[in-house]
Amino acid sequence: MEYAVQTRDLTKVFAGRSAVNRVSVSIRQGDIYGFIGENGAGKTTFMRMLCGLARPTRGTIQIFGSDELEKQRRRIGCTIESPAIYPALTAEENLEVYRILLGISSKEVVLQLVGFVGLGNVGKKKARDFSLGMKQRLMIAIALMGSPDLLILDEPMNGLDPMGIKEVRDLLLALNKEKGLTILLSSHILDELSRMATCYGIIHEGNLIDEFSAEALEQRCRNNLRIVVDDPHKAKELLATAVSSNFDVLPDGVLVVYDHLDEAAAINQLLVSNGIAVSALAPGEQNLEAYFMDKMGGKR
Amino acid sequence: MIDIIRSEFYKLAKARSFFICLALCAALAVFLGFAIQMGVAARGSSDGAAILSDISALVLLEQTLGQPFLPTLFAIFVSLFVSSEFHNGTMKNCVSKGFNRIQIYLAKLLVCGLAVLAMYAAHVIAAFIVGSVLWGFDPYGLATVSNVATLLLSEGLLFLAYAALFVLVSLWLRSVGASIAVNICASYLFPTLLMAANYIVGDTVTLSDYWISGNISALATLSPEPGAVVQGIVVGLAYLIGSTVLGSLLFRRQDIR
């Protein structure tokens, strides 16, 4: 299997605190990898290390299977944090800076990219006068300069209106499908992320606490069994030994079982026969947001 | 490296601050020329004639180069040009493309250095034109090609040293406001502090000899003190090379925000 990004024990320590702690991820080529986490969880720091903006304290990075990071980073387009543009220049002039920087001889590429992200009609308007959504689009155009093979996008939907969000989503999906671009993106709009991502990683306080595919998420979200008992600790041990280890314990003590869903009656009987009072047992559904919220408090 | 330099030149060509500072450098020479002329006229015919016998375009240049006006404008321009890359976040775009950081630093330094030399040239040309129109280029034949070249080249080297120092400070601080403040202090206030410090140290050493501005003042003449040119060149090269090496190493290890 060919990977666009592989990290092993990647760690960044700021003032004695680990912003990213021993994170090991493998992002396959062609994937859209959704990076989820609260503010300050370490998503941006992780992305900054991939892009060469921050030096890892420990750990290794491989990009497209290579340790020659400077060379491989030519194949990356990124937007990290707020839109990084020259405010006194127009959209075309901003792109011209990077066309020259990357040694691209064709000036046509500037016009193509400006049109591609829907900024073809802004004329001589300076970037400082752009709305946040327009700045985000310009940043995406800058990231696409040089036809990268990997896009790293930190909150690319920030500031976009619903139409803009859809346009960026369609754009990213088209790039992924038509050009096989690998995309690593973080977003707080989890519903939006779930419409694009093929893989997910959840980072919490610098630690990667879960990594799963879109299929696994769908499986987990579509069907589960939510059980409310008087002794979650005892029930957890009983379930793990007698039924399945594929369950979560939420912060409020609710057990969420992801398989053996057709054995609800048997599970109920097992719990009751072992002296555990079951006050609720019902099939449930989750979306990515609910799954993420559960994960933040209730690690398996 | 060539592409990085070309990209930096494109940004320079689009930088309004560069053209404003360039115009101010030229305007400064014009303003000082006319200010001297008006001062001469106000003194009356006998005093005025005595002053006019000593003045020329070259003397005007000596007078203006000895002042900290030019380094102050250079400090403002370099601070804006370099620190704004961090303020706008655009340095991230360049570094994340995998370009060698030392090459990025050297390209930035090269373009800033050439911009500073362009501003210096604008000032010199304006001083020569205004001075020649008002009093003549060198009506009493005091200058030789050699000492004019020594004046211009040594001052140019010292201004380049200032540019290297300003680039270092701007990349280190990464804040437009802080960079302008520190760089202006380096060109304007630091020489005064050195003079004050010299009272404490005593006469055994002249601290301003080891600072760029002290040498700029010492060499802003067609007849410098013996050894002053060599000292100026050594100080200029020391700051130019020292700032470049230190800045490159600093930038290589720096996290970009």
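Keep in mind that this is a model prediction, so the values were computed, not measured.

To continue, consider the overall build of chain B. Of the regular secondary structure elements, chain B holds 11 helices and zero strands. Traced from its N-terminal end to its C-terminal end, chain B shows the element sequence α-α-α-α-α-α-α-α-α-α-α. For a compact globule of 257 residues, the expected C-alpha radius of gyration is about 18 Å, and chain B comes in at 20 Å, within 12% of that figure. Along the first, second and third principal axes, the C-alpha atoms of chain B reach 65 × 45 × 30 Å. Here chain B holds 257 residues, and 49% of them are scored as buried. Within chain B, counting contacts between residues at least 6 apart in sequence, those at least 24 apart form 84% of the total. Put simply, chain B shows about 11400 Å² of open surface, and 70% of that area lies on carbon and sulfur atoms.

The secondary structure content of chain A amounts to 11 helices and 14 strands. Oriented by its inertia axes, the alpha-carbon framework of chain A measures out at about 75 × 40 × 35 Å. Considering chain A as a whole, with its 300 residues, one finds that 52% of them fall into the buried category. Across chain A, every contact between residues at least 6 apart in sequence was considered, and the portion connecting residues at least 24 apart equals 70%. Of the roughly 13300 Å² of accessible surface on chain A, 47% is carried by carbon and sulfur atoms. If you average the places of the 34 positive and of the 38 negative side-chain charges in chain A, the two averages end up 7 Å apart.

With that settled, the discussion passes to helix α4 (residues 108-116) of chain A. Residues and elements named next belong to chain A. Among the residues of α4, Val 109, Val 110, Leu 113 and Val 114 are the ones counted as buried. An end-on view of α4 places all buried positions within 135° of arc, on one side of the element. As for α4, its buried residues are in contact with α3 (91-101) and α5 (132-144). Positive backbone phi, approximately 75°, marks Gly 118, located one or two places after α4.

All right, on to the pattern of salt bridges then. With the rule as written, the count across this model stands at 12 salt bridges over all chains. The salt bridge involving A:Arg28 is made with A:Asp31; its shortest N-O contact spans 3.0 Å. Using a relative accessible area of 9% as the deciding quantity, one classes A:Asp31 as buried. Between B:Glu8 and B:Lys11 there is a salt bridge, with its nearest N and O atoms 3.0 Å apart. On the criterion of helical spacing, the pair formed by B:Glu8 and B:Lys11 is a turn pair, its members being three residues apart in helix α1 (residues 2-13). Connected through salt bridges with shared partners, the residues B:Glu8, B:Lys11, B:Glu85 and B:Lys108 form a single ionic network.

This paragraph deals with the layout of surface pockets. If you roll a probe as big as a water molecule over the atoms, it shows you where there is empty space left. The volume enclosed by the largest pocket comes to roughly 510 Å³. Along its surface, the largest pocket is lined by 20 residues, and A:Ala88, B:Ala15, B:Arg16, B:Ser17 and B:Ser84 are the ones closest to its centre. Mapped by element, the contributors of at least two residues to the lining of the largest pocket are α2 (16-42) and α5 (69-87) of chain B. No other element matches α5(B), which puts five residues into the lining of the largest pocket. A breakdown of the residues in the lining of the largest pocket according to their chemical character gives eight nonpolar, five polar and seven charged. Within this model, the second largest pocket holds a volume of roughly 440 Å³. Of all elements in the fold, only α2 (69-72) of chain A together with α7 (101-134) of chain B reach the threshold of two or more residues within the lining of the second largest pocket.

For the rest of this paragraph, the subject is the interface of chain A and chain B. Facing the 35 residues of chain A at the interface are 27 residues of chain B. Overall, the association of chain A and chain B removes approximately 2700 Å² of surface from exposure, summing both partners, and the carbon and sulfur fraction of that is 51%. The interface formed by chain A and chain B holds two salt bridges in total. The salt bridge partner of A:Glu93 is B:Lys14, with a shortest N-O separation of 3.0 Å. Along the contact surface separating chain A from chain B lie 15 residue pairs in polar contact (both at pLDDT 80 or more). Of all the elements in the fold, those that place two or more residues in the side of chain A that touches chain B are β1 (3-14), β6 (76-79), α3 and α5 of chain A. Here the side of chain A that touches chain B takes six residues from α3(A), the largest share from any one element.

Its domain assignment divides chain A into domain 1 (3-217) and domain 2 (223-284). Using only C-alpha atoms to locate each centre, domain 1 of chain A and domain 2 of chain A end up separated by 40 Å.

Residue and element names in this part refer to chain A. Strand order in the open sheet formed by four strands is β12-β13-β11-β14, with antiparallel pairing between adjacent strands. Each of the sheet's edge strands pairs with one partner strand only, and the pair in question is β12 (247-249) and β14 (278-284). On average, adjacent strands in this sheet sit at an angle of 15° to one another, irrespective of strand direction. Note: strand β11 (residues 224-229) against β14, six bridges, orientation antiparallel. Directly across from Leu 225, in β14, lies its bridge partner Pro 283. Packed on one face of the sheet, helix α9 (residues 232-242) meets β11, β12 and β13 (255-257) and runs near 20° to β13.

Criteria and thresholds
- Residues numbered from 1 in each chain as written.
- Chains lettered and ligands numbered in written order.
- Predicted model: local features only at pLDDT ≥ 70, side-chain atom pairs only at ≥ 80, totals over all residues.
- Heavy atoms only, no water.
- Helix = DSSP H or I, 4+ residues; strand = E, 2+ residues; numbered from the N terminus.
- Rg over C-alpha atoms; globule rule 2.2 N^0.38 Å.
- Buried < 20%, exposed > 50% of the residue type's maximum accessible area, 1.4 Å probe, protein only.
- Contact = heavy atoms within 4.5 Å.
- Areas by Shrake-Rupley, 256 points an atom, 1.4 Å probe, with all protein chains shown as cover.
- Lys, Arg positive; Asp, Glu negative; His and termini not counted.
- Charge placed at Lys NZ, Arg CZ, Asp CG, Glu CD.
- Arc of directions from axis to C-beta.
- Salt bridge = Lys/Arg side-chain N within 4 Å of Asp/Glu carboxyl O.
- 1 Å grid on protein atoms, 1.4 Å probe; cavity = no way out; pocket = protein on both sides within 12 Å on 5 of 7 lines; lining within 4 Å.
- Points joined across faces, edges and corners; volume = space filled by probe spheres on them.
- Nonpolar A, V, L, I, M, F, W, Y, C, P; charged D, E, K, R; others polar.
- Buried area = accessible area lost by both parts, 1.4 Å probe.
- Polar contact = N/O pair within 3.5 Å; in protein donor to acceptor, adjacent residues only side chain to side chain.
- Domains from an automatic or database assignment.
- Pairing = 2+ DSSP bridges.
- Axes fitted to C-alpha atoms, helices over the stretch in contact; angles between N-to-C directions.

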